[in-house]
Amino acid sequence: MSLSDAGEAVSSCLFDMAAVDSFSLLLREIGRSCNCYIETLALIGALYTAKTCFTFVNDTYTLIRLHFIPRLVRRADLVKLYGKWAVVTGCTSGIGKSYAKELASRKVNIILISRNKEKLEVLAKEIADTYKVETAIVVADFSKGSEIYPAIKSALAGKEIGILVNNVGLFYTHPDYFTNLTEDKIWELINVNIGAANMMVHMVLPEMVQRKKGAIVNVSSMSCCQPTPLMTAYSASKAYLDHFSRALHYEYAPQGIFVQSLIPFFISTNLTKFSEQLTKKNFLVPSAEEYARHAVTTLGISRRTTGYWLHTIQFLMAQYLPEWLWAWGAYRLNNSLRLEATSQRPH
Ligand SMILES: NC(=O)c1ccc[n+]([C@@H]2O[C@H](COP(=O)([O-])OP(=O)(O)OC[C@H]3O[C@@H](n4cnc5c(N)ncnc54)[C@H](OP(=O)(O)O)[C@@H]3O)[C@@H](O)[C@H]2O)c1
């Protein structure tokens, strides 16, 4: 090696060392000046983790408090808490029928309102014979709008209405595009899913307020949680009911009235019979009887609940989904239900 080569090697080595030194120096400097940012990020992370842990513990506690503890302790005396009579709308099948029976099993007299007189008479007799309570029936079609309410009002007159269950509700024949609904169907949805609850509450609430006690249950749906494509008008009507119930609770809770927004997920009833998957009962799709048994125990305890513990787990997960993800999932599910329902039909 010549002398000049050796000199070059030494200077390149010195240069490398200086570069390494300055790099680590640079890192140290960056680290020092970023220290406060790193600490801030760590603090945000810790707060987020604490919030997530708190939410998880709180949700678990709510689940147990709502769905398990009431089933272990003595049944609440609904007559003493709210009054002698309950009104259940849309009650000859599904959730309404089972809910009415659950209330009757707790010695509440029942007023049944639906369209079909024969079915009403059979159910009224069955409830009276089985549970030894008084029953009354009112034949009314809520899709007719304002004309039916005077008759309902006179049928209810003189009875101490303690509980109103606004259960009546209709869905499309199957999930579908909004423009495929007929004008009549849209009016029916508005009159039955929205109009009926408003008018029934308007009818019974003043006397409840006078007595300073009463409970109103408005049956909404999981589709109220977020915008749900292919159920557009239905989900919007259920979101209306959910908001209506929550606002009504704030307005009337100070006067002793309990208002509950009941938010079921899928339940095996006539309403879901468009799908074979939803007709088969399973742990996520309970029967109306099982659902009502759970839901009634939440009366007076939770003002916004699914009413059924497995639905509550679904609800807790659903509420953290971003809207786009919910809408994407809902569209895929509803479209497959739509295709299932339409392919079953003869063309
Ligand atoms: N099933 C589910 O998966 C599910 C999920 C979420 C929310 N919900 C809600 O739960 C409620 C009950 O649903 P469901 O599944 O039990 O329904 P369902 O089995 O179809 O029962 C509907 C009841 O309403 C009555 N009804 C229907 N149209 C009426 C009208 N125009 N006037 C008066 N009564 C009428 C029917 O009796 P008549 O034919 O004798 O009149 C029947 O008793 C609805 O509000 C629904 O939106 C259901």
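Reading the values: the criteria
- Residues numbered from 1 in each chain as written.
- Predicted model: local features only at pLDDT ≥ 70, side-chain atom pairs only at ≥ 80, totals over all residues.
- UniProt positions renumbered as here; feature names shortened; annotations may be inferred.
- Helix = DSSP H or I, 4+ residues; strand = E, 2+ residues; numbered from the N terminus.
- Rg over C-alpha atoms; globule rule 2.2 N^0.38 Å.
- Buried ≥ 20, exposed ≤ 12 C-beta atoms within 10 Å, placed from the backbone.
- Pairing = 2+ DSSP bridges.
- Contact = placed C-beta atoms within 7 Å.
- Axes fitted to C-alpha atoms, helices over the stretch in contact; angles between N-to-C directions.
- Parallel < 35°, antiparallel > 145°, perpendicular 65-115°, else oblique.
- Left-handed = near helix turned anticlockwise from the far one by under 90°.
- Nonpolar A, V, L, I, M, F, W, Y, C, P; charged D, E, K, R; others polar.
- Near = placed C-beta within 6 Å.
- Core = buried A, V, L, I, M, F, W, Y, C linked by C-beta atoms within 7 Å.
- Domains from an automatic or database assignment.

An unreviewed UniProt entry lists the chain under the name Inactive hydroxysteroid dehydrogenase-like protein 1 isoform X1, with Eublepharis macularius as the source organism. Heading Sequence similarities (unreviewed entry) of the UniProt record for the chain holds this comment: "Belongs to the short-chain dehydrogenases/reductases (SDR) family. 17-beta-HSD 3 subfamily." Under the Subcellular location (unreviewed entry) heading, UniProt states for the chain: "Mitochondrion".

Asks: What is the right way to read the overall build of the chain from this model?
Replies: If you tally the helices and strands in the chain, you get 12 helices and 7 strands. Expected size for 347 residues packed as a compact globule is a radius of gyration near 20 Å; at 30 Å, the chain overshoots this value by more than 25%. Taken along the three principal axes of its C-alpha coordinates, the chain extends 115 × 55 × 35 Å. Considering the chain as a whole, with its 347 residues, one finds that 36% of them fall into the buried category.

Asks: Looking at this structure, how should I read the sheet that holds strand E4 (residues 161-166)?
Replies: Neighbouring strands of a sheet are bound in pairs by backbone hydrogen bonds; such pairs are parallel or else antiparallel. Pairing is parallel across the open sheet formed by 7 strands, whose spatial order is E3-E2-E1-E4-E5-E6-E7. Strands at the two margins of the open sheet, each flanked by one partner only, are strand E3 (135-139) and strand E7 (304-305). Its contacts with the sheet place helix H5 (residues 117-131) against strand E2 (109-114) and E3, and it is angled at close to 170° to E3.

Asks: In this structure, what is going on with the packing of helix H4 (residues 94-105) against helix H10 (residues 288-297)? I would like to understand it.
Replies: Between two packed helices, what matters for the description is the angle formed by their axes and the separation of those axes. Packing of H4 against H10 brings their axes to within 8 Å, and their N-to-C directions diverge by 50°. In terms of orientation, H4 and H10 fall into the oblique class. At the point where H4 passes H10, the crossing takes the right-handed sense. Of the residues in H10, those in contact with Gly94, Ile95, Lys97, Ser98, Tyr99, Glu102 and Leu103 of H4 are Ala288, Glu289, Tyr291, Ala292, Arg293, Ala295 and Val296. Partitioned by chemical class, the residues of the contact of H4 with H10 number 8 nonpolar, 2 polar and 4 charged.

Asks: What exactly am I supposed to notice about the site of the ligand here?
Replies: Of all residues adjacent to the ligand, which total 30 residues, the nearest are Gly90, Gly94, Arg115, Gly169 and Thr269. Ranked by the residues each element gives to the shell around the ligand, the list is headed by H4, at 3 residues. Looking at the shell around the ligand residue by residue, the classes come out as 13 nonpolar, 14 polar and 3 charged.

Asks: What exactly am I supposed to notice about the nonpolar core here?
Replies: In globular proteins that are soluble, nonpolar side chains generally tend to be buried together. Membership of the largest hydrophobic core comes to 68 residues, with the highest contact counts inside it found for Val87, Leu103, Ile110 and Leu112. With 9 residues, the single largest contributor to this core is helix H7 (residues 183-211). Apart from the residues within four sequence positions on either side, Leu103 is in contact with Leu78, Ala86, Val108, Ile110, Ile163 and Val296.

Asks: Please clarify how unusual backbone geometry should be interpreted in this entry.
Replies: Glycine aside, negative phi is the norm for most residues, and most peptide bonds take the trans geometry. In this structure, Lys107 takes a positive phi of about 70° despite not being glycine. By the element assignment, Lys107 lies in the loop between H4 and E2.

Asks: I'm lost on the domain arrangement of the chain in this one. Help?
Replies: Size of an interface, as often reported, equals the accessible area lost when the parts are brought together. The domain architecture assigned to the chain consists of domain 1 (1-67) and domain 2 (77-344). With centres defined by C-alpha atoms, the gap from domain 1 to domain 2 works out at 55 Å. Facing 4 residues of domain 1, the contacting portion of domain 2 comprises 8 residues. Of the residues belonging to the side of domain 1 that touches domain 2, the class tally is 2 nonpolar, 1 polar and 1 charged.

Asks: Got a minute to help me understand the pairing of strand E6 (residues 257-262) in this structure?
Replies: A regular strand carries its side chains on alternate faces of the sheet. Judged by how many residues are buried, E6 sits mostly within the fold: 6 of 6 residues are covered. Burial of E6 is two-sided: the residues Ile257, Val259 and Ser261 facing one way and the residues Phe258, Gln260 and Leu262 facing the other way are all buried. Across 6 bridges, the pairing between strand E5 (residues 214-219) and E6 is parallel. Within E6, the residue paired with Ile216 across the bridge is Val259.

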